[in-house]
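The primary structure of each chain is shown beneath.
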Amino acid sequence: LNENKTTLTTVGKSKQCSDIFLHSPDTKVDVYGHNEDARAIVGNTSYLLRVESDDLTFTAFNYPGFLTGNAFGFNSAKLTFTCNAVSPRKIYLDGIPRNFITLAAMDATSMDKVLELLKNTKLASGFSLNVGDLKTGLLFNFEKNGWEMSIHEIGNSEKSGNYRCVFSLLFLFF
């Protein structure tokens, strides 16, 4: 807690990007943000992609040559996503690459659908996925490798008295 009575928590251990969760008890406004520090890798070739279908629309930041969902985005179901790489010691050759899972997560219509997808999928390698639900105020961090998964609820102010995702801020530092 700093002098402005703001709690600052960071999640994600990758050197490429990071996430920040900000809670202000005075204003009751909470924000989580994500930055991409991979300028040397993506330079001026990264882009925002908007995909519209009859059921759902999503917008996501993309690296050239990667599937959507590798960085951050949001969908019309009012879910927000940020992804951080986690480099585990063990790789599962019979698992599904994380980029396919994060792309599938962006097609989810609720936090329950994201949780179901992650629980029922064996991952090839690791990742840290932060999902915010602007309808309910829920914000979760999922860290997954293989079948193993750690779930950390960042919050619901009615339940925990701490965090509530009011809006998400997705930003770049190049």
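So, how was this worked out
Residues numbered from 1 in each chain as written. Predicted model: local features only at pLDDT ≥ 70, side-chain atom pairs only at ≥ 80, totals over all residues. Heavy atoms only, no water. Buried < 20%, exposed > 50% of the residue type's maximum accessible area, 1.4 Å probe, protein only. Helix = DSSP H or I, 4+ residues; strand = E, 2+ residues; numbered from the N terminus. Pairing = 2+ DSSP bridges. Core = buried A, V, L, I, M, F, W, Y, C linked by side-chain atoms within 4.5 Å. Contact = heavy atoms within 4.5 Å. Polar contact = N/O pair within 3.5 Å; in protein donor to acceptor, adjacent residues only side chain to side chain. 1 Å grid on protein atoms, 1.4 Å probe; cavity = no way out; pocket = protein on both sides within 12 Å on 5 of 7 lines; lining within 4 Å. Points joined across faces, edges and corners; volume = space filled by probe spheres on them. Nonpolar A, V, L, I, M, F, W, Y, C, P; charged D, E, K, R; others polar.

Student: Would you explain the pairing of strand β4 (residues 47-52) in this entry?
Tutor: The side chains of a regular strand alternate, first on one face of the sheet and then on the other. For β4, the tally of buried residues reaches only zero of six residues, placing the bulk of the element at the surface. Across six bridges, the pairing between β4 and strand β5 (residues 57-62) is antiparallel. Paired with Leu49 across the two strands is Ala60, which belongs to β5. Counting the residues between successive antiparallel strands, the hairpin from β4 to β5 contains four residues.

Student: Explain the nonpolar core to me, please; I cannot follow it from the model alone.
Tutor: If you look at soluble globular proteins, the nonpolar side chains tend to sit buried side by side. Membership of the largest hydrophobic core comes to 19 residues, with the highest contact counts inside it found for Phe81, Val114, Leu118, Phe127, Leu129, Val131 and Phe142. Put simply, the parts of the chain that give this core at least two residues each are β5, β7 (79-86), α2 (98-105), α3 (111-119), β8 (126-133) and β9 (139-145). Ignoring any residue separated from it by four or fewer positions in sequence, one finds Leu118 in contact with Ile101, Phe127, Leu129, Phe142, Lys144 and Met149.

Student: Whenever I open this one, the environment of Asp94 confuses me. Can you help?
Tutor: Checked against the element boundaries, Asp94 lands in the loop between β7 and α2. Given a relative accessible area of 59%, Asp94 falls into the exposed group. Of the polar contacts made by the side chain of Asp94, one reaches the side chain of Lys122; its length is 2.9 Å.

Student: Teacher, can you tell me more about empty space enclosed by the protein here?
Tutor: Left-over empty space is what a probe sized like a water molecule reveals as it rolls over the atoms. Applying the stated criterion to the full structure yields two cavities of 30 Å³ or more. Of the volumes computed, that of the second largest cavity is approximately 30 Å³. Gly69, Ala71, Phe72, Phe81, Thr82, Cys83, Thr102, Met106 and Leu129 are the residues that line the second largest cavity. Broken down by element, the residue count for the lining of the second largest cavity peaks at three residues, all from β7. Counted by class, the lining of the second largest cavity contains six nonpolar, three polar and no charged residues.

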